[in-house]
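Read off the chains here:
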Amino acid sequence: MWAFVCMLSGTLVLLWQHLSQIDRLFGWARAPEDSQVPPGSGAWGHVFSALYRRNRIAAQDRQHLLHQLQRQSEAMQAMPDGVVILHGANIIESANGVAGQQFGVDLKRDVGLPLANLVRQPEFIALLDGSAPDGGLLMPAPGLPGHVLSTQLIAFGDERKLLLSADVTHVERLERMRRDFVANVSHEMRTPLTVIHGYLEMLADDPRGVSSEEAQRFIAAAREQTGRIERLVVDLLALSSLETGPPSPKEDLVDVTTLLETVQREAKTLSAGRHQIDVEAAGPASIRGSAQELHSAVSNLVSNAVRYTPPGGEIRIAWRVVDGQGLIDVEDNGIGIEAQHIPRLTERFYRVDRGRSRETGGTGLGLAIVKHALERHQARLEIVSTPGRGSRFTVRLPAQRVLARVVANAA
Ligand code: ADP
């Protein structure tokens, strides 16, 4: 009897131990995923430690996946272009900050909404619907007025699409400038060619009917027009070599007095005695830079002064050093320029008075050449002008390009 009681109580204790281990196991199974596996004893110890190992591996996998997701989301946010992930009926699933700005979408508020409800441009809706050719579109940026976006829609995975958008405003502007430039050059070439063509036709149609005086007049006119084309080509080549040349100019030591006297001589030839042309150099000095480019810049300014100053006018070419900077002034008392034109004068083919520019042999490229040549020397062009009174064009060279032995008067 005593033995039976002992066996029964032993079995009950064992049963109680098993039940309490099972209870712990249930308790753990119901607890949150990352809670610790409880300690076990006896055979349960093996079960719990196997569960503990498995649990730890699962937790590590979860952590790894979480990191991966985080890295992908960070990579998407770091993209310089816009990225939007769409699902189903073009519903926004996620987007990066750049796309938010470009499309004017609030990333927190608008996730889960159809993108076509927020961006209502018909061409863009056609792109989302898959009816745009090539799956791409150039469009005004809804969130950035004045900007142009190049967008691309790419299908992937299960009913998902990737919308990529790049801000191509700068490329578009360059492309428009290129188109305008080609149109301008063609126009500038066509006019003289038409004139030459007309004279040649007249001579070819009736060679005997043209008197020798008339023939002389035709030839002189045709020669003038070929001169015009030649000047245009020379200026175009100068501009192109400034733009496509090495980023830094040559580092000659250009003597300022020689430079100013050379352009004075050229100006006197162009003026043919119609103007008073003076040079003032405040002491000997040199400029570090390309002799050819600096000459081209100053001679364009001086030639303009001659061409836009009526006979009897005065032109002054001066050098001064102010706070270490080298200043070349080209001043005239000619026709002057109205204030609204001044900011645009260095644009290619910009002219205040087209007729006067042509009459005096202008190509409309002189100040564009000046600007480019000066930029390459980290120098600036400053323009002060009063209509009817005259203009002053000042080249301001940085101190590191100036080797002056005499520091002269202040500005
Ligand atoms: P252009 O070959 O027509 O002279 P530029 O680029 O040299 O071309 O100059 C652009 C325009 O700036 C000229 O057409 C002219 O209207 C104006 N301009 C330049 N220099 C002067 C000046 N010294 N006085 C008055 N107008 C000037």
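Residues numbered from 1 in each chain as written. Predicted model: local features only at pLDDT ≥ 70, side-chain atom pairs only at ≥ 80, totals over all residues. Heavy atoms only, no water.

A word on the packing of aromatic side chains
In this structure the tally under the stated criterion is four aromatic pairs. Summarising the aromatic geometry, the rings of Phe 103 and Phe 124 are spaced 5.5 Å apart at their centres and angled 35 degrees between planes, so their arrangement reads as tilted. Of this pair, Phe 103 sits in helix H3 (residues 97-103) while Phe 124 sits in helix H6 (residues 122-128); the two residues are 21 residues apart in sequence, bridging distant segments of the chain. The pair formed by Phe 103 and Phe 124 is uniform in burial state, with each residue classed as buried. (Phe/Tyr/Trp six-rings, centres within 6.5 Å; stacked < 30°, edge-to-face > 60°. Helix = DSSP H or I, 4+ residues; strand = E, 2+ residues; numbered from the N terminus. Buried < 20%, exposed > 50% of the residue type's maximum accessible area, 1.4 Å probe, protein only.)

Regarding the sheet that holds strand E11 (residues 380-386)
Pairing is mixed across the open sheet formed by five strands, whose spatial order is E7-E9-E10-E12-E11. Either end of the sheet is taken by a strand with one partner, and the two such strands are strand E7 (276-281) and E11. Direction aside, neighbouring strands of the sheet carry axes that sit 15 degrees apart on average. Bridging between E7 and strand E9 (residues 314-322) involves six bridges; their strand directions are parallel. The residue bridging Gln 276 from the neighbouring strand is Glu 314, located in E9. With respect to the sheet, helix H9 (residues 256-271) is in contact with E7, E9 and strand E10 (325-332), its orientation differing from that of E7 by roughly 175 degrees. (Pairing = 2+ DSSP bridges. Axes fitted to C-alpha atoms, helices over the stretch in contact; angles between N-to-C directions. Contact = heavy atoms within 4.5 Å.)

Topic: the packing of H9 against helix H10 (residues 291-307)
Between H9 and H10, the shortest axis-to-axis distance is 9 Å and the interhelical angle comes to 35 degrees. The interaxial crossing formed by H9 with H10 has right-handed handedness. Contacts from Leu 259, Thr 262, Val 263, Glu 266, Ala 267, Leu 270 and Ser 271 in H9 reach Leu 294, His 295, Val 298, Ser 299, Val 302, Ser 303, Val 306 and Arg 307 in H10. Partitioning the contact of H9 with H10 into residue classes produces eight nonpolar, five polar and two charged. (Left-handed = near helix turned anticlockwise from the far one by under 90°. Nonpolar A, V, L, I, M, F, W, Y, C, P; charged D, E, K, R; others polar.)

Regarding the pattern of salt bridges
Per the counting criterion, the structure on display carries 16 salt bridges. Measuring nitrogen to oxygen at the nearest pair gives 2.7 Å for the salt bridge that ties Arg 396 to Glu 382. Placement of Arg 396 in strand E12 (residues 390-397) and of Glu 382 in strand E11 is noted, with a sequence separation of 14 residues between them. One salt-bridge network, in which partners are shared between bridges, spans Glu 188, Arg 351, Arg 354 and Arg 358. (Salt bridge = Lys/Arg side-chain N within 4 Å of Asp/Glu carboxyl O.)

Notes on the domain arrangement of the chain
Taken domain by domain, the chain comprises domain 1 (37-78), domain 2 (79-167), domain 3 (171-244) and domain 4 (252-410). Computed over C-alpha atoms, the centres of domain 3 and domain 4 are 27 Å apart. Across the boundary between the two partners, domain 3 contributes 14 residues, which contact 14 residues of domain 4. Summed over both partners, the interface of domain 3 with domain 4 comes to about 1,400 Å²; 63% of that surface belongs to carbon and sulfur atoms. On inspection of domain 3 and its partner domain 4, the count reaches four salt bridges. (Domains from an automatic or database assignment. Buried area = accessible area lost by both parts, 1.4 Å probe.)

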